[in-house]
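Tertiary structure, described
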Number of protein chains: 2
Amino acid sequence: MSVSTQEGSLQTASKEYPGGHRWVWRFEDGSADMRALLGGKGAGVAEMTRAGLPVPPGFTITTEACNAFYAGGEHFPDGMWEQVRTALSELEQKTGKGFGNPKNPLLVSVRSGAKFSMPGMMDTVLNLGLNELTVEGLAELTGDRRFALDSYRRFIQLFAKIVLFVDGAEFEDAIEQEKHNTGAASDADLAPDALERLIARYMEIVSAKGNAPFPQDPLEQLAAAIGAVFSSWNNKRAVDYRNYNHIPHDLGTAVNVQAMVFGNMGSDSGTGVAFTRDPATGEKKLFGEYLLNAQGEDVVAGIRTPQPIALLEKELPEVYQQFADIAARLEAHYRDVQDMEFTIERGKLYMLQTRSGKRTAQAAVVIAVDMANSGLITKEEAVLAVEPEQVDQLLHRRIDPAAKVDIMATGLAASPGAAYGKAVFDADRAEAQAAAGEKVILVRVETNPDDVHGMIAAQGVLTARGGRTSHAAVVARGMGKPCVAGAESVHVDLEGRRFEAGGRVIREGEEFTIDGSTGHVIAGQVPMIEPEMGAELETLLSWADGIKGLSVWANGDYPRDAELALRFGARGIGLCRTEHMFMEQDRLPVVQRMILAESEGERRKELAQLLPFQRADFLGILSAMDGLPVVIRLIDPPLHEFLPSLEELLTEVATARAKGVPEQDYADRTEMLAAVRRLHEQNPMLGLRGCRLGLMFPEIVEMQVQAIFEAAAELKKKGKDPRPEVMIPLVGHVEEFRRSRSIVEKVATGILEKAGVEVEYKIGTMIELPRAALTAAEIAKEAEFFSFGTNDLTQTTFGYSRDDAEGKFLLRYVSEGILPDNPFETLDQEGVGQLMRLAVEGGRQARPGITLGICGEHGGDPRSIAFCEQLGLTYVSCSPYRVPVARLAAAQARLKHVERDR
Amino acid sequence: MSVSTQEGSLQTASKEYPGGHRWVWRFEDGSADMRALLGGKGAGVAEMTRAGLPVPPGFTITTEACNAFYAGGEHFPDGMWEQVRTALSELEQKTGKGFGNPKNPLLVSVRSGAKFSMPGMMDTVLNLGLNELTVEGLAELTGDRRFALDSYRRFIQLFAKIVLFVDGAEFEDAIEQEKHNTGAASDADLAPDALERLIARYMEIVSAKGNAPFPQDPLEQLAAAIGAVFSSWNNKRAVDYRNYNHIPHDLGTAVNVQAMVFGNMGSDSGTGVAFTRDPATGEKKLFGEYLLNAQGEDVVAGIRTPQPIALLEKELPEVYQQFADIAARLEAHYRDVQDMEFTIERGKLYMLQTRSGKRTAQAAVVIAVDMANSGLITKEEAVLAVEPEQVDQLLHRRIDPAAKVDIMATGLAASPGAAYGKAVFDADRAEAQAAAGEKVILVRVETNPDDVHGMIAAQGVLTARGGRTSHAAVVARGMGKPCVAGAESVHVDLEGRRFEAGGRVIREGEEFTIDGSTGHVIAGQVPMIEPEMGAELETLLSWADGIKGLSVWANGDYPRDAELALRFGARGIGLCRTEHMFMEQDRLPVVQRMILAESEGERRKELAQLLPFQRADFLGILSAMDGLPVVIRLIDPPLHEFLPSLEELLTEVATARAKGVPEQDYADRTEMLAAVRRLHEQNPMLGLRGCRLGLMFPEIVEMQVQAIFEAAAELKKKGKDPRPEVMIPLVGHVEEFRRSRSIVEKVATGILEKAGVEVEYKIGTMIELPRAALTAAEIAKEAEFFSFGTNDLTQTTFGYSRDDAEGKFLLRYVSEGILPDNPFETLDQEGVGQLMRLAVEGGRQARPGITLGICGEHGGDPRSIAFCEQLGLTYVSCSPYRVPVARLAAAQARLKHVERDR
């Protein structure tokens, strides 16, 4: 981490400083771009000072001094102390006070401030400069002995704790004792004599427990405090924090020494915090609160209720006006909402700190658009000013952040948004109750295709087992319904129609809440905020569209998904999973008969029954996406996913057998069990699925392709412009693709010729196996497009089964730092990304201009989208609800990519 | 495919030929290295002719002529026919006969001959040159009218079928009819008049069915036959064959025209075939058979029994001596055993063909060693002369190739070798019966750890389910016991103690045979050949050791494996699977209690019980491998593999519940079921296993490492030289390795310090996940060795679960040509190999000189070994029984690699 050129040139000119190197910068000499040298806080006050704002004067000791301190065996570097003394003299001149002067003592605060805000380091020592003598001077000067003594007490306590390592509890005990003895209700009620006794007691504690005596000399106090700040850079908490956040250890911390100002010097004094705009709504008005005759600590202590900032206009109109002007200047200067701290000392306003203000999702969008519209920032800056995840928040119903919630359990955040309703434990009942107008939440151990109608009827879904790619999670995300999956501490008693979690029981019909964005299972009903895609968001996203390089498509299986995707701004369907259509309740029995068929002939008979369903589905989705590409993936999952579970069948059959039920009475179950067993696989994810299935049972693929092209032909005849793109899944060897393609081409050609129409279509493949990525150049000779299936590619590259891994070790891997991220949420650029890069290179080499997309869940993850931008993909495809997120993320990725390339 | 330089220079000199290009080569002008131009057969007779052997004279029309024929729209190229005519004239001069001369007709054979021997093309037309006139001349000349007429009849039949596309069945019908009419018992019994009628009938058939009239002009016959040979190059069977075998279509075929000689011209004529050495034993003596007064066809027809070649010495001593001399010359010339065809025409010996003789495994070894010892070939040539798979045959008991076997079913060839014994259906009974001295074969649907004692007792194992990496297959291979796995057509009825296959039933106690090298399940007992590692094989392998670059190590889990490996010449243990030790019957209950333990404390208690077992195991294997490396892999499989099967438990519990058994009576089963469910994974291969397990339960790894180093320390104190190398499995991210290594190092250091000894050891990793290969440079910074786990790497790179894939689609993929090979048998160089190459490069870059090995099953596959040689690995490791194969393959790989590099 090196300082900027500007700083460097200043350094070169520093021979005039004692020690030959400049270690100390007055606030008025620094600026905002000197964060590396002066730390964030030092650069901030320097910038305010330079802007002419009323900042209590002071100076910053550089991060370089900190590093030199360590390099020199924990001694101040040559010349540093002399430079501090010089700066202190200047401070005395500016304030007209004297450091250690009993008549008019200069008091200072000492604060650490590294380049990055960092908890765990020494924070602040206030009132430094007080001692037995100066405290009396302060009393006299302010005419407030109680104030002076209390300031001294606070200083001793902070200094002892932070610099001398005395346990704070002893001071608290002493103060409680004194309050008890004198009958004082609060700290503020302690009379001067009580405070004098307390100070004496504090000094005893410091003598007994401190690792050094309490220094009466203010210069000694200052040197010790500076040393303590330096030392805190390497305390355990700070080192751990840096390790965890990958912050280098050689940045060092700066130390800020600043003249104290006091908000507790009467009714013309005060302290407060304020935002330049409402951080909740984005409304353009000062927002904040203040307390007169108080210090910052008092606001925190909550003894008195702070007043809304607007009231200040009545109480101290001049100060208010000055503050409002400053706020406006700061916002214009930093070109962002500011979160400011101020103190008023006897009618004079001092700005203590300003920084970018945190804001809600809604506020972020409103503010960014307003600032760009008013010309304060560019549209590009507005696009960069909103976090993509904030857009996501706006698109789902969410729990009011102000609400108190009673969390019973936490599962996986499987599908975002919050929902409440009455617990029901089976799909049929969910459907019936929803039909009767009830809001219900479906609770299952895990779901399977038989539950889908219940999921449709329910507000949300809770399962006790399964990961973020479990049936419940995938289906719920597709529906845009909240889902908490794999909540292992939820014990579901299906027979008893109740579940237990966190020691409490929810019976069928009792209301509860789930939050699919956090994984929380919450007792009772909590207040919600409804989703909204307001005008400002539309505006912001239209700007994003004008910037981004990547096109954003959506994954969707039904016409309703396509409509939603279009509404959210998708420019194509990147993944239409044909098998989800198989899972619908009215089709599943046919699908099961098809699977159980013992000959190709029988199978074809059942497939013929499925054909009209599939054709209608494709008709709907191709019609909705008129003129836009629809990538239709041929059947992918292993066939046993369409059958009942092995465990249930085994139990049923064993029970019937043990009870002596006549065999013919459960023959259908026995037969189904045999079929499930025959299709059973050790590792179904790596078994007979994808194009393997299509090559073993070409008749299934033939039916699907027939449905696609009959639908397309029908639309074409009606004057529409269907754009089907047939995607062959799970290709690992080019020959698999070649043979699959020839099945598709043969059927498609036949149908189009028969219909006498021409339809533009493509045939391409998923790249979702390492081998496909490695041999992409071969495959691209045959395939017209690639779509990266990064869910499966991540599974095979890491050798993780997502369903198994997340619960069993992956989340621990992430929390323990073995992996930096969950690779199923954020693309692993080092491993999976390397394969993608190979595939992109291979694909382009064999077929320049090949269409390249991504349809794994990473297609909706901003960091992954940034990587796709770098790879130069054509599009990202994600769930409809993530489309706005992806549009924004894609624009940001482009802006940052272009930036990097400069 | 271009011709050699020598051929090129001859071409340049060919302006003298009609058409300006030489299309025709006399036998005496060609040589063995002109295969591309003259085809294999043409080059062979040319070489014999050139060597001065008595070959019937003739000439070859080149493969170039064939290509020119196609280029010219299926017309002979300019000058070709003229050159044929010239060559024919020379042939007339040499033989003193005239083509079409009724007095002394020259007859020729016309044969195709491509560069590679290729079924599906036109084969041979004999006796060409006969017609109504010359047949009479032949009759007169030979004084054998029957012979002449029969020759004509044969010629018409062959010519009509091959050149004129007349269905052969009609001729067969006609000949049957004639035999019936005249009461002839065989073709040879047909009298001249019958033959005349037959010839007339043949001509009628040709007129009616032929696509052209039968030509009486011998020159027309010849031109038509040459054209037919050319055309047959592109018939469907030939094209399919070339496609399947990846032979280019532009090689073309040559045509050989050769003067006929007749072995059926009396008792001083004859025909025969012979080898220069016994192809079964390798013994150095002429081996073969002959028939006097016969043609080759007669030998095939089996009307008379041929005589052993030795008898010829008595019947025709001069001819025999001449033949023996020629045989010796040919063997010396070709420096290999020759398989020769000869004909004797009226006391004159003619050599028709010679080629390398096929031989048994045993003969191959004996011959190679003898030839090298006698100086005929070099040791390197001897090493190249034996197929590695032939060595494998020698190391397993095998079914006598001469035996007739009755195959009931075919499963997977899961562990090589043949075995017979009485069928038993459970492990306990297998153990009991074996203890009583019976030979038994264990038959199970599939095996699990509870069956291991039965497998130890049995001669071999048959399972109906599971692939080549199923429990049965892996354990059997480890034991070197024959195993047929996944024989899906074998229906096992455990309750009825019988199995059914191919319509037959084998009951418990009935004998049957399995062949683990072919997957055959055979009724009854069949004769076997015992394995042998004879002196010649030892010699050959010692030569191989002197040549090879790769070191050969063995995979082995027990001291007995180590001893076997050493006996077979292994120089280290490349994979010691610690968990197999967990599977032993006396340890499994402790392992299960350890898995079920609910706290780390409980788990440690059970682990403490396992410690002495593991220590004893390691003591044994390290002691056996004194001074050689032993790579010990830490625990790898998912824990549920050590528990009973979910299906069985579910059935047991459901049955008990349905029968109303008191709950406490099966509480242990319920508890076990709960545990199995808790540990259950959707895709266990990609779940909690390998180093993930060790990171979640470090106490297991700590126990294993303690056992390893306590064993090593004990041996060291006894003056031995233990060389443990600890291998961390399933690493995907360097951080997994780093943390695992630190657990290992901490325990190892502690134990060695306590024991006060130093032990040389290494810590390295498997590269068995794509991500590990992709990030190998990172991992190599931490790991001292890589061992490619190509089984898992193949699974993840292809996305195949081997167990599921082989039965469900993979074998069909291979048989249908979608994949060129089963990638679990022969390394997929294009995909998996690319990852290996990346890993080798990354590993060497980060740690030059890093030890690189392979311990997947490919380590014993010759083609995969050749790839490892190219990659420059340090060693290959395979099962002990494959070590000799690997030694030979490694030497061959080096010889070919060096050759290629020249």
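Anyway, here's the lowdown on the structure attached to this text. A quick note: this is a predicted structure, and the numbers were derived from the prediction, not measured. (Residues numbered from 1 in each chain as written. Chains lettered and ligands numbered in written order. Predicted model: local features only at pLDDT ≥ 70, side-chain atom pairs only at ≥ 80, totals over all residues. Heavy atoms only, no water.)

What follows covers the sheet that holds strand 7 (residues 287–292) of chain A. For sheets, the rule is that strands pair by backbone hydrogen bonds, running either parallel or antiparallel. Residue and element names in this part refer to chain A. The strand order across the open sheet built from five strands is 8-7-6-9-10, with neighbouring strands paired in antiparallel fashion. Unpaired on one side and paired on the other, strand 8 (307–308) and strand 10 (348–356) mark the two borders of the sheet. Across six bridges, the pairing between strand 6 (residues 270–275) and strand 7 is antiparallel. Bridge pairing in strand 7 places T271 opposite L291. (Pairing = 2+ DSSP bridges. Helix = DSSP H or I, 4+ residues; strand = E, 2+ residues; numbered from the N terminus.)

Let us look at the relation of the copies chain B and chain A. Aligned on chain A, chain B shows an RMSD of 0.3 Å; the corresponding rotation is 179° and the shift along the axis is 0.2 Å. On the angle and the small slide along the axis, the relation comes out as a two-fold axis. Judged by C-alpha distance, N683 of chain B is the residue of chain B that lies nearest the rotation axis, at 2.2 Å. Interface overlap between copies: 100% of the residues of chain B at the interface are likewise at the interface in chain A, consistent with a symmetric, same-surface contact. (Least-squares fit on C-alpha atoms with pLDDT ≥ 70 in both. Contact = heavy atoms within 4.5 Å.)

Turning next to the packing of aromatic side chains. Tallied over the full model, the rule gives 40 aromatic pairs over all chains. Here the aromatic rings of F69 of chain B and F76 of chain B are separated by 6.1 Å at their centres, their planes lie at 40°, and the arrangement is tilted. Judged by its relative accessible area of 4%, F69 of chain B is buried. It is R22 of chain A that lies over the ring of W25 of chain A; its NZ or CZ is 3.8 Å from the centre. In this structure, R560 of chain B packs its charged tip against the face of Y558 of chain B, placed 4.3 Å from the ring centre. (Phe/Tyr/Trp six-rings, centres within 6.5 Å; stacked < 30°, edge-to-face > 60°. Buried < 20%, exposed > 50% of the residue type's maximum accessible area, 1.4 Å probe, protein only. Lys NZ or Arg CZ within 6 Å of the ring centre and 35° of its normal.)

This paragraph deals with the environment of K718 of chain A. Along the chain, the position of K718 of chain A falls in the loop between helix 28 (698–717) and strand 27 (723–728). When the C-alpha positions of K718 of chain A and R465 of chain A are compared, they lie 47 Å apart, and in sequence the two are 253 residues distant.

Before going further, it helps to spend a moment on the pattern of salt bridges. According to the stated counting rule, one finds 130 salt bridges over all chains in the structure shown. Its salt-bridge partner being K179 of chain A, residue E176 of chain A comes within 3.2 Å of it at the nearest N-O pair. Placement of both E176 of chain A and K179 of chain A in helix 7 (residues 168–182) is noted, with a separation of three residues, approximately one turn of the helix. The residue E857 of chain B makes a salt bridge to R802 of chain B at a minimum N-O spacing of 3.5 Å. Of this pair, E857 of chain B sits in the loop between strand 30 (851–854) and helix 35 (862–871) while R802 of chain B is found in helix 33 (residues 802–815), placing the two residues 55 residues apart along the sequence. The exposure class of E857 of chain B is partly exposed, given its relative accessible area of 30%. Judged by relative accessible area, R802 of chain B falls into the buried class, the value being 1%. Each of the salt bridges in this network shares a partner with another, and the network as a whole consists of R22, R26, E28, D29, E90 and K94 of chain A. (Salt bridge = Lys/Arg side-chain N within 4 Å of Asp/Glu carboxyl O.)

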